[in-house]
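What follows is each chain in one-letter form.
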Amino acid sequence: MATKVGIVILGDEVLKGEIRETNLAHMIPLLAEWGAETALCAILPDDISVVVRHLRRFREEVDLIILTGGIGPTPDDITRDAVAEVAGVPLIVHPEAKAALEARSYKGANPEYRMLMAQVPQGATLIPNPLSPAPGFFIDRMAVFPGVPRMLQAMFEWVKPMVSGRRKSRVTLYAMAMESSYAGIMKDAMTAFPDVGIGSYPMSDGEYRVRVVFRGDRFERTDACAAAFASKLAGIGFEVLRRVEERGDDA
Amino acid sequence: MRKIALFLLCFAALLPSSGRVFAAEEGRGKWDESTAGRWESLPVRHVGATDNGISIEVTMSPGTGVSYRRVGRWAAGPAALRLAADNVNTRGNDYLPGEATFPASVTFVFGDDSLKLGARRRVGLFLKQLWNGFTPSGIRLTYAWGNGLPVGSMYRLREEETVFVVAGPEEAGKTISSTRRLGDDFRAAYGRPPKGPVTEVRVSARRPSREKGPVRASITVRFPAPQE
């Protein structure tokens, strides 16, 4: 079971700003919902040596790496090669994937290159793709998905049984205060509640000027920290205008 | 023409409110309970009323809804709202009066205040309400759990009803608390202070039949909000 997860987005098109990355916004909230902590995210180029180097380091820091993109049939799709190298196994043609690809043919498709999508690192488990015969795969704490958002979203539930953890509690306060006005109060709260993480985020538009987020394993402590902060904030003349409460698994 | 008018009047007399009204029961205090829409059934619910408010918890399957209403006269001061819903109503357009059905909403009615709409518009509204259910007369501020508009949006649902989106799909499963200053919100919506007090508070939870699956929601209102 994985509690700390890393996400790696592969593709020059994302790094060069040619397409907007949207998969992170889908994956991170789901992982949090399932109780896993997203410990790192990276966007890497279509360069095997760079990807291999980073995957090796990331594997030391997290329990599971989720990779998206780079498993198509063109030469710039290098994810399967990189993952195989990190896992220390050769690529093989998976009979199930091959059969699925052969069962559905497309006019104009080149069978030789198309069959590259049936190649997975030896010993890998296939991740079914309900929208296409080209699957994802899992091997050695690395789960590989297509980068196409619709496919990723259709397949991503596959990860759910692999991740575990306690979903944290979170209390978010919205106010019109300036960040500098409560920096001292925030520091005090961090000292008084070392088990609660606090983040302050300015908002440039909308009804509020700032958002202060309190995150903790225990709802009771998170709530108490937010209440203490709100009380002191009121003491300097700023009230909390909106409060959003998300109870974790302990509550 | 006179026969049609007579028929409509008789029909309207048979449908005095937006939904079926049920007798007061213990727990609801001075709040009247009814279905939220004319064609809905009541959901599974728990209610607790206090001197200055009400808390409800509902589990709504499609085609159910409930509304609690209390009349009185209160100054347009602060109102403390606490809303939670584990899903939104996705299949309606929150901009359209006939489709805007919120899983959780609170409406404050300024019954002594109204807009000059003209006789033709009033008759048109009356005829629409024959089918959709009657809304309280007067200007209304509704704080709602929307389905798509950004949180913080304010829009005119009907000429005399302004909706403030306090939560949306991203808040599903969360609990939202806020204190609203009704006088300020009224001024933001209509460009002037209200002409009279709040005459009715209405707490509603709805899950239209076009939706799939149940929704759990809870609403707590304290009005006037306790001074801290």
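Residues numbered from 1 in each chain as written. Chains lettered and ligands numbered in written order. Predicted model: local features only at pLDDT ≥ 70, side-chain atom pairs only at ≥ 80, totals over all residues. Heavy atoms only, no water.

## Focus: the overall build of chain A
In plain terms, the rule: Helix numbering and strand numbering both begin at the N terminus, where a helix is a DSSP run of H or I of at least 4 residues and a strand a DSSP run of E of at least 2. Residue contacts follow a heavy-atom distance rule, with two residues in contact if any of their heavy atoms lie within 4.5 Å. Exposure was quantified through the Shrake-Rupley algorithm and a 1.4 Å probe, taking into account, for residues, occlusion by the shown protein chains and nothing else. The positive count covers Lys and Arg only, the negative count covers Asp and Glu only, and His and the chain ends enter neither. Each charge is placed at NZ for Lys, CZ for Arg, CG for Asp and CD for Glu.
Regarding its fold elements, chain A presents nine helices and 12 strands. Within chain A, contacts between residues at least 6 apart in sequence are counted, and of these 71% link residues at least 24 apart. With an accessible surface of roughly 12500 Å², chain A has 53% of that area assigned to carbon and sulfur atoms. Once the 29 positive and 33 negative side-chain charges of chain A are each reduced to a mean point, those two points are 2 Å apart.

## Thoughts on the interface of chain A and chain B
A common measure of how large an interface is: the accessible area buried when the components associate. What counts, and what does not: For salt bridges, the criterion is a side-chain nitrogen of Lys or Arg within 4 Å of an Asp or Glu carboxyl oxygen. Whenever a nitrogen or oxygen atom comes within 3.5 Å of another N or O atom, the pair is scored as a polar contact, on the condition that within protein one atom can donate a hydrogen and the other can accept it, and that pairs from neighbouring residues in sequence are kept only if both atoms are in side chains.
The partner chain B presents 14 residues to the nine residues of chain A that form the contact. Where chain A packs against chain B, one counts four salt bridges. Linking Glu171(B) and Arg242(A) is a salt bridge whose minimum nitrogen-to-oxygen distance equals 3.7 Å. Our enumeration of links across chain A and chain B arrives at four residue pairs in polar contact (both at pLDDT 80 or more).

## A closer look at the nonpolar core
Put simply, the rule reads: Residues belong to a common nonpolar core when they are buried Ala, Val, Leu, Ile, Met, Phe, Trp, Tyr or Cys residues joined through side-chain atoms within 4.5 Å. We call a residue buried when its accessible area falls under 20% of the maximum for its residue type, exposed when it is over 50%, and partly exposed in between, using a 1.4 Å probe and counting protein chains only.
Ranked by size, the top nonpolar core spans 41 residues in total, and within it Ile56(B), Phe108(B), Ile219(B) and Phe223(B) carry the most contacts. With residues near it in sequence (within four places) discarded, Ile56(B) still touches His46(B), Val47(B), Val66(B), Tyr68(B), Val203(B), Ala205(B), Ala217(B), Ser218(B) and Ile219(B). Judged by nonpolar contacts, the second largest core, of 31 residues, contains Leu55(A), Val120(A), Phe137(A) and Val144(A).

## Re the environment of Thr222(A)
All names here are of chain A. Note on placement: threonine 222 falls in helix α9 (residues 219–235). The class of threonine 222 is buried, set by a relative accessible area of 0%. Here the alpha-carbon distance between threonine 222 and lysine 168, two residues 54 residues apart in the chain, equals 9.5 Å. With near-sequence residues (within four places) excluded, threonine 222 lies in contact with Ser169, Arg170, Val171, Val196, Phe214, Arg215 and Gly216.

## So, the side chain of Asp113(B)
All names here are of chain B. Its place among the elements puts aspartate 113 in the loop between β7 (105–110) and α2 (119–132). For aspartate 113, a relative accessible area of 1% gives the class buried. What aspartate 113 contacts, discounting residues up to four positions off in sequence, is Gly138, Ile139, Phe186, Arg192, Pro193, Pro194 and Lys195.

## Focus: the packing of helix α3 (residues 48–61) of chain A against helix α4 (residues 79–87) of chain A
All names here are of chain A. What counts is decided by this rule: For helices, the fitted axis covers only the stretch in contact; all axes are lines through C-alpha atoms, and the angles between them, taken along N-to-C directions, range from 0 to 180 degrees. For classification purposes, angles smaller than 35 degrees are called roughly parallel, those larger than 145 roughly antiparallel, those between 65 and 115 roughly perpendicular, and all remaining angles oblique. When the near helix sits turned anticlockwise from the far one by under a right angle, the crossing is termed left-handed; a clockwise turn instead gives a right-handed crossing. Three classes are used, and their members are as follows: Ala, Val, Leu, Ile, Met, Phe, Trp, Tyr, Cys and Pro are nonpolar, Asp, Glu, Lys and Arg are charged, and the others, Gly among them, are polar.
Between α3 and α4, the shortest axis-to-axis distance is 9 Å and the interhelical angle comes to 45°. By the angle between their directions, the pair α3 and α4 is classed as oblique. The crossing of α3 and α4 is right-handed. Between α3 and α4, the contacting residues are Ile48, Val51, Val52, Leu55, Arg56 and Arg59 on the first element and Asp81, Ala82, Val83, Glu85 and Val86 on the second. Residues belonging to the contact of α3 with α4 are distributed by class as follows: seven nonpolar, no polar and four charged.

## As for the sheet that holds strand β3 (residues 64–68) of chain A
All names here are of chain A. Definition in use: Pairing between strands is defined by DSSP: at least two bridges between the two strands are required.
Spatially, β2-β1-β3-β8-β7-β6 is the arrangement adopted by the six strands of the open sheet, whose pairing is mixed. Every interior strand has two partners, whereas the edge strands, β2 (37–44) and β6 (125–127), have only one. Ignoring which end each strand starts from, the neighbouring axes of this sheet average 20° apart. Pairing of strand β7 (residues 136–139) with strand β8 (residues 142–145), which is carried by three bridges, proceeds in the antiparallel orientation. Counted as the bridge partner of phenylalanine 137 is valine 144 from β8. Set on the sheet, α3 makes contact with β1 (4–10), β2, β3 and β8; between it and β2 the angle comes to about 175°.

## Focus: unusual backbone geometry
Looking along the chain, the bond that leaves Phe223(B) and enters Pro224(B) is cis, with omega of 0°. One non-glycine residue, Asp140(A), lies in positive phi territory at about 50°. Mapped onto the secondary structure, Asp140(A) falls in the loop between β7 and β8. The residue Arg141(A) is not glycine, and still its phi comes out positive at about 65°. Take Arg141(A): it is sitting in the loop between β7 and β8. In this structure Arg141(A) comes out as partly exposed when scored by relative accessible area, which is 33%.

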